[in-house]
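Residue-level structure breakdown
One letter stands for each residue in the lines below.
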Amino acid sequence: MENKAQSLSPSLMDYVNVPEKQRQLHAKTLKVVILSQILAGAGLAAGVTVGALLAKEMLGTDRYAGIPSGLITLGSAAAAYGVGRLSQRWGRRPGLAIGFMVGGLGAIGVVLSALLNSIPLLFISMLLYGAGTATNLQARYAGTDLALPAHRAKAISMAMVFTTFGAVAGPNLVTLTGKFATSLGAPPLSGPFMLAAAAYLIAGVVLFVFLRPDPFLVAKAVAEKQRLESIADDAKRLENAANKKGIIIGATVMVLTQIVMVAIMTMTPVHMQHHGHGLGAVGIVIGIHVAAMYLPSLVTGVLVDKVGHIAMSYVAGFTLLLSGLLAAFGPGDSMAVLILALALLGLGWNFGLISGTAAVVHATPPQIRAKTQGTIDVLIALGGASGGALSGMVVAQSSYTTLSLAGAFLSLLLIPVVLWVRKKKG
């Protein structure tokens, strides 16, 4: 292990040995991650806002409108695994930068598929575009690498809250980007993906250039130094061991909230279109939904640090339950009801993601943290993929009301599942 420590560059060892430099690097890391998240927010909004509408237009039916969402989240699953493994081995910088660049290439492919009216190219491109979504979520972990344990949830929320700026701007630029696409001779629904391509590629460049030294490599080196210094201390070794209960609870919360959020969100634009709402109205509702996903993060992070991730997991379940019931029974032609339902949907997801992420960060030592985080994000993405892909079929076979009620039931299921895991593992 000493050889491993000696193999680190002198500049990296300076950070390992000086706590003040670690704090300075943590502050710098948050600034770089925040800038990348603002850009990435604009990128991920394209798929959320018009992905299902573009598929409906190209396929000529509602039945498979949820497939692009499923493909995005399936691509996100593969990317989450890859980004997690890259980050564990080489650090956050190459993992996140490559993930965003792949997402940018996918967005370019979606634009080309719309120009060529190519369904196969659309599906392949949606898979690649999903890498941007996965990387956007993985970036939240970078802010925790050097954070003090008592402030980790707040660090997660700092990384997430600034996603709001791009994510809210994206849906509200649908009309403008649509006009820009039309001026280039492309279908208007390809416009948001043009914005996504630029946003993801620039975010990747920002991380690759400025995320130095790599915070995760420093955190791993610090943990290794502490382990060597306390190798005879049994209590310290137990503290640094992975907490399987925390990992299971965190993963359960995030997977279930992702399924509910993606399923209802995916078909809301189509549901609105059926009730006579225009593209501008869709942009407003989705913009508010995305704002509710990210903007409350600062408050959520403080709450998770104060009351604990278990309590906030229960709050997430009840919030998603209210959202599903409101979406199911509210009049489809009421903008106010749709806005409230989708705002609660985003808020419940926010509670679930931050509380679940905090549980996983607390439960994993740096030696396995990035790899574990990547694996869990694979499960989250697969859950979202199933929710997105099945949502269109449920609506086609039954109704948006049935879909929303299913989401409400699944969110309520979150509470006994977490209780069961705690009892089983306690």
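Worth saying up front: this structure is predicted, and the values here are computed from it rather than measured.

Focus on the overall build of the protein
Helix and strand content of the protein: 19 helices and zero strands. Residues classed as buried in the protein amount to 58% of the 426 residues present. With the model as given, the accessible surface of the protein reaches about 16500 Å², and the carbon-plus-sulfur share is 69%.

Thoughts on helix α13 (residues 244-274)
Across its 31 residues, α13 extends 46 Å between first and last C-alpha, which sits within 8% of the 45 Å expected from 1.5 Å per residue. Taking the largest bend as the criterion, α13 deviates by roughly 35°, centred on Thr-268, and proline Pro-269 comes between one and four positions later. Judged by how many residues are buried, α13 sits mostly within the fold: 26 of 31 residues are covered. Downstream of α13 by one or two residues, Gly-276 has phi in the positive range, about 85°.

Here we look at a nonpolar patch on the surface
Among the surface-exposed residues, Met-101, Val-205, Phe-208, Val-209 and Phe-210 lie close enough to one another that they form a single nonpolar patch of about 420 Å² accessible area. Residue placement: Phe-208 occurs in helix α10 (residues 191-210).

So, the confidence of the model for the protein
Mean pLDDT for the protein: 83, with 90% of residues reaching 70 or above. The lowest-confidence element of the protein is helix α1 (residues 2-6), averaging 42 in pLDDT; the highest-confidence one is helix α5 (residues 92-116), averaging 94. Confidence drops under a pLDDT of 50 for residues 1-7, and excluding neighbours within four residues, the segment shows four contacts in the predicted structure. Taken as a whole, residues 232-240 scores under 50 in pLDDT and shows four contacts with residues more than four places along the chain or in a different chain.

Here's the deal with the packing of aromatic side chains
Here the structure, examined in full by the defined rule, presents four aromatic pairs. Ring geometry for Tyr-129 against Phe-193: centres 5.3 Å apart, planes inclined by 65°, an arrangement best described as edge-to-face. Of this pair, Tyr-129 sits in helix α6 (residues 119-142) while Phe-193 sits in helix α10, and the two are 64 residues apart along the sequence. Their ring planes at 50° and their centres at 5.7 Å tell us that Tyr-129 and Tyr-200 sit as a pair that is tilted. In this pair, Tyr-129 sits in helix α6 while Tyr-200 sits in helix α10, placing the two residues 71 residues apart along the sequence. The residues Tyr-129 and Tyr-200 share a single accessibility class, namely buried. Following the ring pairs from residue to residue traces out a cluster consisting of Phe-100, Tyr-129, Phe-193 and Tyr-200. Taking NZ or CZ as reference, Arg-93 lies 4.5 Å from the ring centre of Phe-208, over its face. The side chain of Arg-212 reaches across the aromatic face of Phe-208, ending 5.8 Å from its centre.

Quick word on empty space enclosed by the protein
One pass over the structure, following the stated rule, counts two cavities of 30 Å³ or more. Of the voids in this model, the second largest cavity is the one considered here, and its volume is about 50 Å³. Forming the walls of the second largest cavity are Thr-73, Ser-76, Ala-80, Thr-133, Ala-134, Leu-137, Gln-258, Asp-377, Ile-380 and Ala-381. A class-by-class count of the residues in the lining of the second largest cavity yields five nonpolar, four polar and one charged.

So, α6
With 24 residues, α6 should reach 34 Å at 1.5 Å per residue; the first-to-last C-alpha distance of 36 Å fits that figure. Counting buried residues along α6, 17 of its 24 residues qualify, which places the element largely inside the surrounding structure. Residue Ser-118 occupies the N-cap position of α6, its side-chain oxygen lying 3.3 Å from the main-chain nitrogen of Leu-121.

A word on the pattern of salt bridges
Counting across every chain of the model gives two salt bridges. Put simply, Glu-20 and Arg-23 hold a salt bridge, and the shortest N to O gap is 2.7 Å. Here Glu-20 and its partner Arg-23 are both found in helix α3 (residues 19-59), three residues apart, which amounts to about one turn of the helix. Its relative accessible area of 40% is what places Glu-20 among the partly exposed residues. Residue Arg-23 is classed as exposed on the basis of its relative accessible area of 52%. For the salt bridge of Arg-92 with Asp-145, the shortest nitrogen-to-oxygen distance reads 2.9 Å.

Some remarks on the packing of helix α7 (residues 152-161) against helix α15 (residues 297-307)
In contact at an axis separation of 7 Å, α7 and α15 are set at 170° when each is read in the N-to-C sense. Of the possible angle classes, the one that applies to α7 and α15 is roughly antiparallel. Residues Arg-152, Ala-153, Lys-154, Ser-157, Met-158, Met-160 and Val-161 of α7 touch α15, and the partners they reach there are Ser-297, Leu-298, Gly-301, Val-304 and Asp-305. Of the residues contributing to the contact of α7 with α15, the split by class is six nonpolar, three polar and three charged.

A few points about the side chain of Thr-372
With respect to the helices and strands, the residue Thr-372 is situated in helix α18 (residues 366-397). With relative accessibility at 15%, the residue Thr-372 sits in the buried group. Excluding anything up to four places from it in sequence, Thr-372 contacts Ile-247 and Thr-364.

Definitions and limits used
Residues numbered from 1 in each chain as written. Predicted model: local features only at pLDDT ≥ 70, side-chain atom pairs only at ≥ 80, totals over all residues. Heavy atoms only, no water. Helix = DSSP H or I, 4+ residues; strand = E, 2+ residues; numbered from the N terminus. Buried < 20%, exposed > 50% of the residue type's maximum accessible area, 1.4 Å probe, protein only. Areas by Shrake-Rupley, 256 points an atom, 1.4 Å probe, with all protein chains shown as cover. Expected span 1.5 Å × (residues − 1). Bend = angle between axes of the 7 residues up to and from the residue. Patch = residues over 30% accessible without salt bridge, like charges linked within 9 Å, V, L, I, M, F, W, Y side chains within 5 Å. Salt bridge = Lys/Arg side-chain N within 4 Å of Asp/Glu carboxyl O. pLDDT = per-residue confidence, 0-100. Contact = heavy atoms within 4.5 Å. Phe/Tyr/Trp six-rings, centres within 6.5 Å; stacked < 30°, edge-to-face > 60°. Lys NZ or Arg CZ within 6 Å of the ring centre and 35° of its normal. 1 Å grid on protein atoms, 1.4 Å probe; cavity = no way out; pocket = protein on both sides within 12 Å on 5 of 7 lines; lining within 4 Å. Points joined across faces, edges and corners; volume = space filled by probe spheres on them. Nonpolar A, V, L, I, M, F, W, Y, C, P; charged D, E, K, R; others polar. Polar contact = N/O pair within 3.5 Å; in protein donor to acceptor, adjacent residues only side chain to side chain. Axes fitted to C-alpha atoms, helices over the stretch in contact; angles between N-to-C directions. Parallel < 35°, antiparallel > 145°, perpendicular 65-115°, else oblique.

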